[in-house]
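Observations on the model geometry
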Amino acid sequence: MAEKEISLAVIKRLPKYYRNLGELLENNVERISSKELSERMQVTASQIRQDLNNFGGFGQQGYGYNVEYLHTEIGKILGLTRKYHMIIIGAGNLGQALANYTQFEKNGFVLKAMFDKKQELIGQTIRGVKILNAETMGQYLKEHEVDIAAITIPKENAPTVAMDLVKGGVRAIWNFAPTDLHLPEGVKVENVHLADSLMRLSYNLKNS
Ligand code: NAI
């Protein structure tokens, strides 16, 4: 399917569609109307139709959506038809929590190694994945293909480590350090800041 330019707002909603459709599939639901899908996802049916029209619709009048087909097509749009090799830099609280979460792997994000500079962590394994010495990261990147690197280290060290990753050929960074990374064009950065989300919650609470 040819893809046209899609707005960021739509792209941001696609993982939610993918997740909901995945749950429906697990429950052996074969098809769903836009009304049912909208109730489940708490967005309007017209929003769903509009969103999916960006990709050619997928639905049929009077039938609704074929869940498996829609799930597969959205997966293709999100690039989930392949496996991604991932590493985590910083095997502290957050790094280990990410490593222990098995769902990422189910979506194709396979954790290959973790790196830390703390002697007592080096050599340990988390769910079978080894924590390697941060000093060996450059060499590791020469020998292994890494698609995505998660940064879960203190913010002071994040910019240098991010540059080392880029020099080693990593083109996608999942940044949890509370700092903006300025990286060469072509490097994709996804910042995750749980505190921002909490602040939005406090705003909503305050204004309710
Ligand atoms: P932590 O102190 O438990 O773990 C950090 C680890 O990074 C330590 O094991 C340390 O040895 C290692 N480290 C430091 N410099 C390194 C380097 N240059 N190379 C390799 N390893 C290095 O800290 P925690 O709680 O896991 O937080 C980690 C980072 O994530 C912090 O920047 C924190 O602010 C951030 N954070 C972000 C959240 C978010 O929503 N984005 C939520 C929680 C934490």
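Everything numeric in this text was worked out from a predicted model, so none of it was measured.

Conventions we followed
Residues numbered from 1 in each chain as written. Predicted model: local features only at pLDDT ≥ 70, side-chain atom pairs only at ≥ 80, totals over all residues. Heavy atoms only, no water. Buried < 20%, exposed > 50% of the residue type's maximum accessible area, 1.4 Å probe, protein only. Helix = DSSP H or I, 4+ residues; strand = E, 2+ residues; numbered from the N terminus. 1 Å grid on protein atoms, 1.4 Å probe; cavity = no way out; pocket = protein on both sides within 12 Å on 5 of 7 lines; lining within 4 Å. Points joined across faces, edges and corners; volume = space filled by probe spheres on them. Pairing = 2+ DSSP bridges. Contact = heavy atoms within 4.5 Å. Axes fitted to C-alpha atoms, helices over the stretch in contact; angles between N-to-C directions.

For Asn 28, which is not glycine, the phi torsion reads 60° and is therefore positive. Classification of Asn 28 by relative accessible area gives exposed; the value is 66%. You will see that Arg 127, though not glycine, has its phi angle at about 50°, which is positive. Note that Arg 127 resides in the loop between β6 (125-126) and β7 (129-133).

To find leftover empty space, one rolls a probe the size of a water molecule over the atoms. In this structure, the largest pocket occupies an estimated 1,800 Å³ of space. Lining of the largest pocket is provided by 43 residues; of these, Pro 15, Leu 78, Phe 109, Trp 174 and Glu 190 occupy positions nearest its centre. Those elements giving two or more residues to the lining of the largest pocket turn out to be α1 (8-26), α4 (67-77), β4 (84-89), α6 (103-106), β9 (172-175), β10 (188-191) and α9 (194-206). Ranked by residue count, the leading element in the lining of the largest pocket is α1, at 11 residues.

Here we come to the pairing of β7. Pairing analysis gives three bridges linking strand β5 (residues 109-116) to β7, with the strands arranged parallel. Opposite Met 114, over in β7, you have Ile 131 as the bridge partner. As judged from the two bridges shared by β6 and β7, these two strands associate in the antiparallel manner. Its bridge partner lying in β7, Thr 125 is registered against Lys 130. The hairpin formed by β6 and β7 contains two residues between the paired strands, and Arg 127 there has a positive phi angle of roughly 50°.

The subject of this paragraph is the sheet that holds β10. On the basis of which strands lie adjacent, the open sheet formed by seven strands has the order β6-β7-β5-β4-β8-β9-β10 and mixed pairing. If you trace the sheet from one side to the other, it starts and ends with β6 and β10, each paired once. Sheet contacts for helix α5 (residues 93-100): β4, β5, β6, β8 (148-151) and β9; angle to β5, the most-contacted strand, approximately 155°. Of the strands in this sheet, β4, β8 and β9 are in contact with helix α8 (residues 158-167), which crosses β8 at around 170°.

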